[in-house]
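# Observations on the three-dimensional arrangement
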Amino acid sequence: YAVYVNTTAKDAAALLIASGAATDSTVAITGSGAIADNKAILELLMTGTPAAAGSNMLRVDGSGGTNTAKPVLVEIYDDSVSVGLSVSTASIEDMITFIGTGATGSTSAVVDITSTATLNAAGNLLRLDLTGATCSSVPTALEIVGAGKTARGIYVDTDGTTVGAAKFHSGGALTDGVGVVN
């Protein structure tokens, strides 16, 4: 280890970095070697039992800042890696949860997926793939819940002249009373 910090104190931070850096990163970690399988430039490991339901392995809190310049709390950037973010968990709870607590702007969303790339014929902006899942209990690939709300479930706006705005396809033999769209 170049730096080793070991503390068993339960009510003390093992490392605290406070900086007023304005033109450079407060902490910069650069890895130049070939990283081995299942290793990382930064690895966070939790080996104990979480103290509370709200505890985190990584917490990014921007509540003390100002949004005048619209800063980004977490940015993942790379122009050469095929997967920008991979989440794999054996959790029986939600794997990813987005909660918007403020009022969105008229053209804003809780989750906004935007592409400036060239999407090829088989490319997608959003893809839900259940081909590797065990689906014995008839799960739902996409559920839109808006019960009791005056809201549109799906809105499609496209200018396609040679393709439809929506396509539904079923490759299975449908039983009586079951349609591609019910």
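Since this is a predicted model, take the numbers as computed values, not measurements.

Helix and strand content of the protein: zero helices and zero strands. Here the C-alpha atoms of the protein give a radius of gyration of 23 Å, more than 25% beyond the 16 Å that 2.2 N^0.38 yields for 182 residues. Summarising its shape, the C-alpha atoms of the protein cover approximately 65 × 40 × 40 Å along the three principal directions. Across the 182 residues of the protein, 0% fall into the buried class.

So, on to the pattern of salt bridges. Summed over the entire model, instances satisfying the criterion amount to two salt bridges. D61 is the partner of R59 in a salt bridge, and the nearest nitrogen-oxygen pair spans 3.8 Å. With relative accessibility at 61%, the residue R59 sits in the exposed group. In this structure D61 comes out as partly exposed when scored by relative accessible area, which is 47%.

Now for the layout of surface pockets. The volume enclosed by the second largest pocket comes to roughly 740 Å³. Lining the second largest pocket we find A14, I17, V27, I29, A40, I41, L42, E43, L44, L45 and R59. Counted by class, the lining of the second largest pocket contains nine nonpolar, no polar and two charged residues.

Here the focus is unusual backbone geometry. Non-glycine residue N38 carries a positive phi angle of around 65°. By relative accessible area, which is 65% here, N38 ends up exposed.

Right, let's get into the environment of F168. Classification of F168 as exposed rests on a relative accessible area of 59%. The residues contacting F168, other than those within four sequence positions of it, are V180 and V181.

Here the focus is the environment of L128. Taking relative accessible area as the criterion, L128 reaches 47% and is therefore assigned partly exposed. Between the C-alpha atom of L128 and that of L142, which follows or precedes it by 14 residues, the distance is 7.9 Å. Sequence-distant contacts of L128, defined by excluding residues within four places in its chain, comprise A141 and L142.

Rules used in this analysis
Residues numbered from 1 in each chain as written. Predicted model: local features only at pLDDT ≥ 70, side-chain atom pairs only at ≥ 80, totals over all residues. Heavy atoms only, no water. Helix = DSSP H or I, 4+ residues; strand = E, 2+ residues; numbered from the N terminus. Rg over C-alpha atoms; globule rule 2.2 N^0.38 Å. Buried < 20%, exposed > 50% of the residue type's maximum accessible area, 1.4 Å probe, protein only. Salt bridge = Lys/Arg side-chain N within 4 Å of Asp/Glu carboxyl O. 1 Å grid on protein atoms, 1.4 Å probe; cavity = no way out; pocket = protein on both sides within 12 Å on 5 of 7 lines; lining within 4 Å. Points joined across faces, edges and corners; volume = space filled by probe spheres on them. Nonpolar A, V, L, I, M, F, W, Y, C, P; charged D, E, K, R; others polar. Contact = heavy atoms within 4.5 Å.

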